Amino acid sequence: MKIAVFISGSGSNLQSIIDHIERGLLAAEISLVVSNVPNAYGLWRAKEHGLATAVVEHGHFPDRESFERELVHLVQKSGAEYVVLAGFMRILSPFFLGQFSGRVVNIHPALLPSFPGLHAQKQQAQYGVRLGGCTVHFVDEKTDHGPILIQAAVPAYADDDEKTLGARILELEHRIYPQALQWLAQGRIRCNGRQVELQGRQEAAVTGDFLVNPPLEKPF
Ligand code: GRF
């Protein structure tokens, strides 16, 4: 499965995807890493691993559609079948999504539909939730809204702040994103409206202070 990964910042989820591929745990090939931010640290990570990169600065385009046309062009040229959003801080319009229908996925650092939008970790810590988490979902025209592939819940404590809770969530992000992508690569995901079905469950590997559903499979 060829994927294009879109980033805007640190790229730790990109790193986790790269690591899983390199360890033979994720049957995917990253054909392109795209950043809309020229000095995003994730670009360095990509280059370290010999991956093709592109910088597409939204500010250099007169409007959203021309920006997205360039993105579509680059993704298609790379041969990617899926677009994997990993901390990409731009909303993609129905025009873009229409080019890759059902083939754009995102990770959000909260248990959707709670806490969509920006600073989800801060929102959760300030709200005083007892369970925080993260979600991998298909992208539709509404922000942080599409059908859900997998979610992970982690405990949240009274003395948590954005940083401590965010770190606990991020650790699970780095496991559930490669797992969800592997299910896609294996062709085991079926979408029926909002219901995402995982076919052919394998042995579950559930350990640790978290809850993941569908459960992670070994070795994720
Ligand atoms: C992650 O928390 C992800 O859930 C959110 O943006 C952050 C990106 O982090 N969409 P990184 O760039 O992968 O380190």
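Structure shown above.
Residues numbered from 1 in each chain as written. Predicted model: local features only at pLDDT ≥ 70, side-chain atom pairs only at ≥ 80, totals over all residues. Heavy atoms only, no water.

Participant: So what about the packing of aromatic side chains? Which residues, and what values?
Facilitator: The tally for this structure, following the rule as stated, stands at five aromatic pairs. On the basis of an interplanar angle of 65° and a centroid distance of 5.1 Å, the ring pair of Phe-6 and Phe-88 is categorised as edge-to-face. Of the two residues, Phe-6 sits in strand β1 (residues 2–7) while Phe-88 sits in the loop between β4 (82–85) and α4 (94–99), which places them 82 residues apart along the sequence. Phe-6 gets classed as buried once you look at its relative accessible area, which sits at 0%. A ring pair is formed by Phe-115 and Tyr-127, whose centres lie 5.5 Å apart and whose planes are at 75°; its orientation type is edge-to-face. Taken together, the residues span a long stretch of sequence, with Phe-115 in the loop between β5 (104–108) and α5 (120–127) and Tyr-127 in helix α5 at a distance of 12 residues. (Phe/Tyr/Trp six-rings, centres within 6.5 Å; stacked < 30°, edge-to-face > 60°. Helix = DSSP H or I, 4+ residues; strand = E, 2+ residues; numbered from the N terminus. Buried < 20%, exposed > 50% of the residue type's maximum accessible area, 1.4 Å probe, protein only.)

Participant: An account of the site of the ligand is needed here, citing residue identities and associated values.
Facilitator: Residues in contact with the ligand, as listed here, are Ser-10, Gly-11, Ser-12, Asn-13, Gly-87, Ile-107, His-108, Pro-109, Gln-121 and Glu-173. A distance of 2.6 Å separates an oxygen atom of the ligand from a polar side-chain atom of Ser-12. One of the backbone N or O atoms of Asn-13 is found 2.8 Å from an oxygen atom in the ligand. Against a free-state accessible area of 370 Å², the protein chains account for coverage of 82% of the ligand. Of all the secondary-structure elements, those providing two or more residues to the shell around the ligand are α1 (12–22) and β5. A per-class count over the shell around the ligand returns two nonpolar, seven polar and one charged. (Near = heavy atom within 4 Å. Polar contact = N/O pair within 3.5 Å; in protein donor to acceptor, adjacent residues only side chain to side chain. Areas by Shrake-Rupley, 256 points an atom, 1.4 Å probe, with all protein chains shown as cover. Nonpolar A, V, L, I, M, F, W, Y, C, P; charged D, E, K, R; others polar.)

Participant: Requested: an account of α1, with residues and values cited.
Facilitator: Of all 11 residues making up α1, eight are buried, and the element is well covered by its neighbours. By the burial criterion, the buried members of α1 are Ser-12, Asn-13, Leu-14, Gln-15, Ser-16, Ile-17, Ile-18 and His-20. At its buried positions, α1 is contacted by β1, β2 (29–35), α2 (41–48), β4, β5 and α6 (162–185). Once α1 ends, the next one or two residues include Gly-24, with phi positive near 75°. (Contact = heavy atoms within 4.5 Å.)

Participant: Describe in detail unusual backbone geometry, supporting the description with residues and values.
Facilitator: In this chain, Leu-112 is followed by Pro-113 through a cis amide linkage whose omega measures 10°. With respect to the helices, strands and loops of the structure, Pro-113 is situated in the loop between β5 and α5. Each neighbour pair has its own omega, and for Asn-213 with Pro-214 the value is -10°, a cis peptide bond. Mapped onto the elements, Pro-214 comes out in the segment after β10 (211–213). One non-glycine residue, Phe-115, lies in positive phi territory at about 55°.

Participant: Residue-level account of the pattern of salt bridges, with values.
Facilitator: Going through the model one piece at a time under the given rule, you end up with four salt bridges. As a salt-bridge pair, Glu-217 and Arg-188 come within 2.9 Å of each other at their nearest N and O atoms. With Glu-217 in the segment after β10 and Arg-188 in the loop between α6 and β8 (189–192), this residue pair connects regions lying 29 residues apart in the sequence. For the pair Glu-217 and Arg-188, a shared accessibility class is recorded, and that class is buried. Sharing partners across several salt bridges, the network here consists of Arg-188, Arg-201 and Glu-217. (Salt bridge = Lys/Arg side-chain N within 4 Å of Asp/Glu carboxyl O.)

Shape is all these values report; function is a separate question.
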